[in-house]
Amino acid sequence: MDCWNRDIEGMPTEELRRLQYRLAKRLVSRVYETSEFYRRRMKEQGVRPDDIGSLEDVRKLPFMYKRDLRDNYPDGLFTAPRDELIRYHVSSGTTGKPTVVGYTKRDIENWSESLARGFSSCGLGKGDVFQVSYGYGLFTGGLGVHYGAEKVGATVLPTSVGNTERQVELMQDLHVTAIACTPSYLIHMGEVAEKMGVSIKNDTDLRLGFFGAEPWSEQMRNRIEEWLGIRAYDIYGTSELSGPMFTECAEQKGIHIWGDLALVEIVDPATDEALPAGEQGELTITMLQKEALPMIRYRIGDLTTLEEGACACGRTHPRIGRLRGRVDDMLIIRGINVFPSQVEHTLLEIPQVGKHFQIVVDRKGALDTMLVRVEVSEEAFSDKITDLMVIKRTVEHRLRGALNVGVEVELVEPGTLPRFEGKSKKVIDRRSL
Amino acid sequence: METIRPDELADLQLKRLKWTIHQAQNVGLYRRKFKEAGISPDDIRTLDDVEKLPFTSKKELQAGYPFGLFAVPMREIVRVHTTSGTTGKPTVVGYTRQDLENWSELIARNMTMIGLGEDDIFQNAVNYGLFTGGLGFHYGAEKIGATVVPSATGNTRRQIEMIEDFGVTAIHCTPSYALHLAEVAESMGKTLDTLKIGIFGAEPWSESMRAELERRLGVKAFDSYGLSEMYGPGVAFECPEHNGLHLWHDCYLAEIIDPKTGERLAPGERGELVITPLVKEALPLVRYRTGDVTRLMDDECTCGRGQKIARLTGRSDDMLVIRGINVFPSQIEHVLRALPEVGEQFMVYIDRVNHLDEMTIEVEMSKAGFSGELQDLTRMQKKIANELHNTLGLRTAVRLVEPGSLPRFEGKAKRVIDRRGIL
């Protein structure tokens, strides 16, 4: 077994659990001492740090949800002093304000360490040229993968996303061997390459890739591997955990969640009860070593299963299976998380449109498209056609600003969109994997 | 290192110059060039002996595309950036781990020099990715322990909200984007009170622009200079005296030459900046002609740091800087020549609209390609704009015109009309 960190990756299960218990205990004591939020929550739940006498006792702790981040915007949940923070990333929130994640130096190191283990487990290292085609900047994908790839000593080519023809050219000219991006962008790149007369399989040195930030399937993996002549690995994470952080190993039998960094539970979203290994439920994670924003029993909203036995690769840490959907109405558009509530929130701030809207998600070629149909208010509707163009552009601009993803807007007459009694169905998703 | 004694500095420079020449021997181009010039590394005994060495041009760097000028094996290269070339292919620069260390160290020096530290929240509002400005400052700011907000460019309202909500104290962007930011902030009724420092670079800007930015954003504005071939930003930087940029002489050996004759100019004279890096491992460019016009300043700085260069005022070649991106007219020509539907003639117009640069390219259709059908023209226009975007990394407006309608030039063609005025 080629390991980045053999002592940790191959640690016997019992020892790993003891380590997890020590880390959890330390974490709970620390946040109880230093954070008003955690102290209040634990008191409400009637649990004290002393009550954590075993790893199972973590289940006594209260859950955390995305709304806790929103309610404490921007930094109310941070548990490290401000002068120790070295980075902020920002991702979509459920309404107007984004989710803000802070990092200490050690947080960044652990994030890179986690990816270095994953990348190495798939045979990536010195001598590889790694094209990072995730977006750089506030989105965690670009910088996260960048630091991990740098740690294993690969040559990092930070292309970020976009300008696809140039990306294909660089892939070919610079002898790129590995890539990270969303699976749909990879497919788009493959199609653009073919239009340019370049076969990624035959004309480039690409041999492996890490694909995530949106759900994909085994069928898609098979298609990608065969078509592009590469090994395709799943990579998982959300900004609340740090960013993309965990990957499959060369066995491709689930994503290894490093137990010294994260404690995984699968919870029944209806009853909040912990589910046994193998059963599908909501992924819930406690970040055991994060200093700035630990997230204890955080309900991520992704549905999956947990596999606890050792992997054929020899690594002992638990694995999660493919993502099976969401417990909420979150959409993933070109790798960006979008909540319908964000759309609603943004529209409410624009007086010329009414409160009724509909979202239609589709796939054009390999790339997701999002159309928002909006009813114009009665007053605005009676005005001239030129004004409607201005309103359309304003709505597009504001939605783009709030969601960080390009959106097409269609203005419709007042009263034309369906009304719902009970639970409204505002989203039509026509994509299939 | 910042206030090293002049004699000690000279010793260090000479030692490091010899090392760079030695490192350059790993590159085929330099073995050949040194041989042609009849010079061996042993001939470099004093700093002035650098004049015996041949220059390196951007063309030569490009001819080595992609990795021909790397002086270390690929296994040692941990990063690759690209920057504009003068034709269709970009210029590729590489970094070893030590190079990344050196680069961050230089930016850390600059940021510390203007009073930034671990209590600061630094919004890095330039492009990340292949452009060196984003990751360069990101690593430097991380090194001094500041909190980095990697906002990159675009979404100006969100940028302003973050400045306000996070209490951002320092921002890095192009001066023109800063002006745009100020305007949007004013329209939103935001005063951005926490912002103290603005670092502006990647395009030339004037003292009157400084006054305007300092007034409207309420910051102290600092000029930053660098080029990807010398890592990226960080080569020279203003100190709080705001009178010239300190060049880091322990890492870069600077000369000013007459761009026409290649002769070295006397101190104080204005000419082209030529740099020999002293610590670069992956890409040791000997006497690299930057194309930037400046002068070495004689006045000692009250801050005690070393010799400065004057603010950059122009280019010795025809390179343009559009929204912080370097563009060579020859790149545009290269793209257009490859398209059969396009004729020989083109014109480039550069304007500033709402403080942001806009480039418009007028292209004559070839007689064969000119069908007159609106649909064909629209498709053609899109294709040209797309090809230009791929090569330049920049969106341009393309206007198609009839064959024979653009000006013809006898002698030197003047295809670029820059209507921006001084920033």
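Because the structure is a prediction, the values reported are computed rather than measured. (Residues numbered from 1 in each chain as written. Chains lettered and ligands numbered in written order. Predicted model: local features only at pLDDT ≥ 70, side-chain atom pairs only at ≥ 80, totals over all residues.)

### Some points on the overall build of chain B
Logical step 1: Each helix and strand in chain B was counted, giving 10 helices and 20 strands.
Logical step 2: Taking 22 Å as the expected radius of gyration for a compact globule of 423 residues, we find that chain B reaches 22 Å, a close match to that expectation.
Logical step 3: Across its three principal axes, chain B shows a C-alpha extent of roughly 70 × 60 × 45 Å.
Logical step 4: For chain B, long-range pairs separated by at least 24 residues make up 67% of all intrachain contacts whose partners lie at least 6 apart in sequence. (Helix = DSSP H or I, 4+ residues; strand = E, 2+ residues; numbered from the N terminus. Rg over C-alpha atoms; globule rule 2.2 N^0.38 Å. Contact = placed C-beta atoms within 7 Å.)

### Comments concerning the overall build of chain A
Logical step 1: Within chain A, the regular secondary structure consists of 13 helices and 20 strands.
Logical step 2: Relative to the compact-globule value of 22 Å for 433 residues, chain A shows a C-alpha radius of gyration of 23 Å, a close match.
Logical step 3: By its C-alpha atoms, chain A is 70 × 60 × 40 Å across when sized along the principal axes.
Logical step 4: Within chain A, contacts between residues separated by at least 24 positions form 66% of all contacts whose residues are at least 6 apart in sequence.

### With respect to the domain arrangement of chain B
Residues and elements named next belong to chain B.
Logical step 1: Here chain B is partitioned into domain 1 (92–317) and domain 2 (325–418).
Logical step 2: Between the C-alpha centres of domain 1 and domain 2 there is a distance of 32 Å.
Logical step 3: Taken together, the contacts link four residues of domain 1 with four residues of domain 2.
Logical step 4: By residue class, the composition of the side of domain 1 that touches domain 2 is one nonpolar, two polar and one charged. (Domains from an automatic or database assignment. Nonpolar A, V, L, I, M, F, W, Y, C, P; charged D, E, K, R; others polar.)

### Let's talk about the confidence of the model for chain B
Logical step 1: Model confidence for chain B is summarised by a mean pLDDT of 93, while 99% of its residues fall at 70 or above.
Logical step 2: Scoring of the predicted complex yields 0.91 for pTM and 0.90 for ipTM. (pLDDT = per-residue confidence, 0-100.)

### Quick look at the domain arrangement of chain A
Residue and element names in this part refer to chain A.
Logical step 1: Segmentation of chain A into domains returns domain 1 (82–327) and domain 2 (333–429).
Logical step 2: Across the contact, 13 residues belong to domain 1 and 16 residues belong to domain 2.
Logical step 3: At four residues, the largest contribution of residues to the side of domain 1 that touches domain 2 is made by helix α8 (residues 183–195).

### Notes on the sheet that holds strand β13 (residues 306–307) of chain A
All names here are of chain A.
Logical step 1: Taken in spatial order, the three strands of this open sheet run β9-β14-β13, and their pairing is antiparallel. Each edge of the sheet is formed by a strand with only one pairing partner; in this case those strands are β9 (255–256) and β13.
Logical step 2: Sheet topology note: the β9/strand β14 (residues 319–320) ladder contains two bridges and is antiparallel. Across the sheet, His256 pairs through a bridge with Arg319, a residue of β14. (Pairing = 2+ DSSP bridges.)

### Comments concerning the UniProt feature "domain: AMP-dependent synthetase/ligase" (unreviewed entry) in chain A
Logical step 1: Under the present numbering, the feature "domain: AMP-dependent synthetase/ligase" (unreviewed entry) in UniProt falls on residues 82–285 of chain A.
Logical step 2: Annotated as 33% helix and 27% strand, the span residues 82–285 of chain A places its first and last C-alpha atoms 24 Å apart. (UniProt positions renumbered as here; feature names shortened; annotations may be inferred.)

### Focus on the pairing of strand β8 (residues 232–238) of chain B
Residue and element names in this part refer to chain B.
Logical step 1: Of all seven residues in β8, seven are buried; the element is thus mostly enclosed.
Logical step 2: With four bridges connecting them, strand β7 (residues 220–227) and β8 associate as antiparallel partners. Across the sheet, Ser224 pairs through a bridge with Phe237, a residue of β8.
Logical step 3: Between β7 and β8, which pair antiparallel in sequence order, lie four residues; one of them, Tyr231, sits at a positive phi of approximately 85°.
Logical step 4: Bridging between β8 and strand β9 (residues 245–247) involves three bridges; their strand directions are antiparallel. When the bridges of β9 are listed, Glu238 appears paired with Leu245.
Logical step 5: What sits between the antiparallel neighbours β8 and β9 is a turn of six residues, in which His242 has the positive phi angle 55°. (Buried ≥ 20, exposed ≤ 12 C-beta atoms within 10 Å, placed from the backbone.)

### Brief notes about the environment of Val152 of chain A
Logical step 1: For Val152 of chain A, the location among the structural elements is in the loop between α6 (140–151) and β4 (155–157).
Logical step 2: Residues Val152 of chain A and Arg117 of chain A, spaced 35 residues apart in sequence, show a C-alpha to C-alpha distance of 8.5 Å.

### Observations concerning the sheet that holds strand β17 (residues 342–353) of chain B
Residue and element names in this part refer to chain B.
Logical step 1: With mixed pairing, the four strands of this open sheet are ordered in space as β19-β18-β17-β20. Strands with a single pairing partner mark the edges of an open sheet, and in this sheet they are β19 (397–401) and β20 (416–418). When strand polarity is set aside, the average angle formed by the axes of neighbouring strands in this sheet is 15°.
Logical step 2: Note that β17 and β20 share three bridges and pair parallel. Bridge pairing links Ile350 to Asp418 in β20. (Axes fitted to C-alpha atoms, helices over the stretch in contact; angles between N-to-C directions.)

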